[in-house]
Amino acid sequence: MVRTRGAAPRLAGMLGILLGTDRIPVRLRAWDGSEAGPPGAPVVEIRSRGALRRILWSPGQLGLGRAYVAGELELPGDVFAAVAALTSTGRLTEPVPLTARERWSLLRSTVALGALGPEPAPPPEEVDLRGAGGRHSKERDAAAVSHHYDVGNDFYALVLGPSLVYSCAVWDDPPAGLEAAQEAKHDLVCRKLGLRPGMRVLDVGCGWGSFALHAAQHYGADVLGVTLSPEQAALGRERVLAAGLADRIEIRVQDYRDVDDGPFDAISSIGMSEHVGDDQIDGYAAHLHGLLRPGARLLNHAIARHTGDLWGTGGPRDDSGTFMDRYVFPDSQVLSLTRMIGVLETNGLEVLDVEALRPHYALTLRAWAQRLEEHWAEAVQLVGEGRARAWRLYMAAAVWTFESGRQGVNQVLAQRPGGPPPLARPWRAPAGR
């Protein structure tokens, strides 16, 4: 029997403050069995008073995220629907400070529910790099990459599947599945870059070497891949050896800023420039321009922010202190498409083509999330329940951002002047092979 009195009505008021609404869009269930909120709505379960202390000390997405990672807050049922409901008011998606009156109301409710206490220590899965040197210094970038990627190759293989590709796939034929969609993405990039046998290619942020393997196997390219993750590089090299392509592919643990052995006939940067930072993005474009031969192409595949400031008028939003910054991608900064195109052009590159892939990323994230759920017990064994829960929440939130149109992902194809641009778009149809 559901209790309509108890902790839930007061908890609903607290959640309403965080969401900026008098009518919460979820069904709230408290630790004492009481419930509040619209029947039939996605359920949010507050399992302990510890969740309230986290919310009081960090009101907003970080406090709620900490409570979820710690297991003090649960989203039973459809986690995608629950996250979409919680973010539907928009207040959790932006760093909106609470008023003094709202904070006082949270404090009174916390006291009334017997939850007042010192600030809880963050879950061990949280990272704060503010003391690790200047933002986007080489040392701090290496620490950020290590936090996210050096959690075990077995975990990534479990979530990403055999393709080991951690970027948006291209779903030309959705029923064919994730592996086919990732292969289609790699083939599209190769065609856009105009790869031919013997061309020398730089793959910036090469991950586990999947694009390098495709470019060498199917297009005869010689590929240098660079990553800041030793674990990625180690497995990538193993895959290269197993494919018999050690004479065509080299994978280094190296910052892209230290690559000085150009020129290259083409450069791919797939899902990497989000980690560069707004302050460094001009240097990124200038350095890659300098590594290209005249007439050679660069393919930049990156997430883009669609809403809010376009990062050309008021500067980039500071995402430090958000759930994404502390648990997923430390120091990442998502630029607008406008900003990215402007940076490429300012640094001497001619933009040839722009392709938006937003719905493709939502499909990709749902496929990864499905794999995580199907292998949940193994994921927990590999990385611990807290990190597995952080990934579940991160992917559910990311699905919402792409399905709602708050963010997109784009491939921008550019060329260093010195050769004629194509008269048409020959990469639209797969090359005969």
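Residues numbered from 1 in each chain as written. Predicted model: local features only at pLDDT ≥ 70, side-chain atom pairs only at ≥ 80, totals over all residues. Heavy atoms only, no water.

A. View of the overall build of the protein. The helix and strand inventory of the protein stands at 16 helices and 11 strands. Relative to its 433 residues, the protein shows a buried fraction of 56%. In the protein, the proportion of contacts linking residues at least 24 apart, taken out of those at least 6 apart, comes to 74%. (Helix = DSSP H or I, 4+ residues; strand = E, 2+ residues; numbered from the N terminus. Buried < 20%, exposed > 50% of the residue type's maximum accessible area, 1.4 Å probe, protein only. Contact = heavy atoms within 4.5 Å.)

B. Inspection of the nonpolar core at higher detail. In this structure, Leu-75 and Leu-195 are the most contacted members of the largest nonpolar core, which totals 110 residues. Counting residues per element, this core draws most heavily on helix H16 (residues 385-403), at 10 residues. (Core = buried A, V, L, I, M, F, W, Y, C linked by side-chain atoms within 4.5 Å.)

C. How the structure looks around the sheet that holds strand S6 (residues 222-227). Here we have seven strands laid out as an open sheet, ordered S7-S6-S5-S8-S9-S11-S10, and mixed in their pairing. Each end of this open sheet is capped by a strand with a single partner; those strands are strand S7 (249-253) and strand S10 (350-356). For this sheet, the mean angle separating the axes of adjacent strands, direction not counted, is 15°. Bridging between strand S9 (residues 292-305) and strand S11 (residues 407-415) involves nine bridges; their strand directions are antiparallel. Bridge assignment links His-301 to a residue of S11, and that residue is Gln-411. (Pairing = 2+ DSSP bridges. Axes fitted to C-alpha atoms, helices over the stretch in contact; angles between N-to-C directions.)

D. Geometry of the packing of aromatic side chains. Applying the stated criterion across every chain yields a total of 12 aromatic pairs. Aromatic pair Tyr-166 and Trp-391: ring centres 5.8 Å apart, planes at 25°, arrangement stacked. Here Trp-391 lies in helix H16 and Tyr-166 lies in the loop between helix H7 (153-160) and helix H8 (178-193), a separation of 225 residues in the sequence. Its relative accessible area of 13% is what places Tyr-166 among the buried residues. Aromatic pair Tyr-361 and Phe-402: ring centres 4.7 Å apart, planes at 50°, arrangement tilted. (Phe/Tyr/Trp six-rings, centres within 6.5 Å; stacked < 30°, edge-to-face > 60°.)

E. Fine view of H8. Under the 1.5 Å per step criterion, the end-to-end length of H8 is 23 Å for 16 residues, consistent within 8% with the ideal 22 Å. With respect to burial, H8 is a largely interior element, 13 of its 16 residues being buried. Following H8 by one or two positions, Gly-194 adopts a phi angle in the positive range, close to 65°. (Expected span 1.5 Å × (residues − 1).)

F. Local environment of unusual backbone geometry. For the bond from Gly-262 to Pro-263, the omega torsion is 5°, close enough to zero to count as cis. Mapped onto the elements of the fold, Pro-263 is located in the loop between S7 and strand S8 (264-270). Positive phi, close to 50°, is recorded for Leu-164, a residue that is not glycine. Relative to the helices and strands, Leu-164 is located in the loop between H7 and H8.

G. Main features of the pattern of salt bridges. Under the counting rule described, the total for this entry stands at 24 salt bridges. The closest approach of N and O atoms between Glu-45 and Arg-47, which form a salt bridge, is 3.0 Å. Residue classification places Arg-47 among the partly exposed residues on the basis of a relative accessible area of 44%. Salt bridges here are not isolated pairs; linked through shared partners, they connect Arg-27, Arg-29, Glu-35, Glu-45, Arg-47, Glu-74 and Arg-389. (Salt bridge = Lys/Arg side-chain N within 4 Å of Asp/Glu carboxyl O.)

H. Expanded view of the packing of helix H15 (residues 376-383) against H16. Closest axis-to-axis distance for the H15/H16 pair is 7 Å, and the angle between their directions is 125°. Classified by the interaxial angle, the pair formed by H15 and H16 is oblique. On H16, the residues that touch Trp-376, Val-380 and Val-383 of H15 are Glu-385, Arg-387, Ala-388, Arg-389 and Arg-392. Across the contact of H15 with H16, the residue classes tally to four nonpolar, no polar and four charged. (Parallel < 35°, antiparallel > 145°, perpendicular 65-115°, else oblique. Nonpolar A, V, L, I, M, F, W, Y, C, P; charged D, E, K, R; others polar.)

I. The arrangement of the sheet that holds strand S1 (residues 27-29) in detail. Read across the open sheet, the four strands follow the order S2-S1-S3-S4; overall the sheet is mixed. Bordering the open sheet on either side are strand S2 (35-36) and strand S4 (73-74), each of which pairs with just one other strand. Relative to S4, strand S3 (residues 43-46) is paired through two bridges, and the arrangement is antiparallel. Paired with Glu-45 across the strands is Glu-74, a residue of S4.

J. Seen up close, the packing of helix H14 (residues 358-374) against H16. Running from N to C, H14 and H16 cross one another at 155°; their axes reach a closest spacing of 9 Å. The angle between H14 and H16 falls in the class roughly antiparallel. The crossing of H14 and H16 is left-handed. On H16, the residues that touch Arg-358, Tyr-361, Ala-362, Leu-365, Arg-366, Trp-368, Ala-369, Leu-372 and Glu-373 of H14 are Ala-388, Trp-391, Arg-392, Met-395, Ala-398, Val-399, Phe-402 and Glu-403. Class assignment for the residues of the contact of H14 with H16 results in 12 nonpolar, no polar and five charged. (Left-handed = near helix turned anticlockwise from the far one by under 90°.)

K. Structural detail: H14. A rise of 1.5 Å per residue sets the reference length of H14, with its 17 residues, at 24 Å; its end C-alpha atoms lie 25 Å apart and thus fit the reference within 8%. Taken as a whole, H14 has its buried residues at His-360, Tyr-361, Ala-362, Thr-364, Leu-365, Ala-367, Trp-368, Ala-369 and Leu-372.

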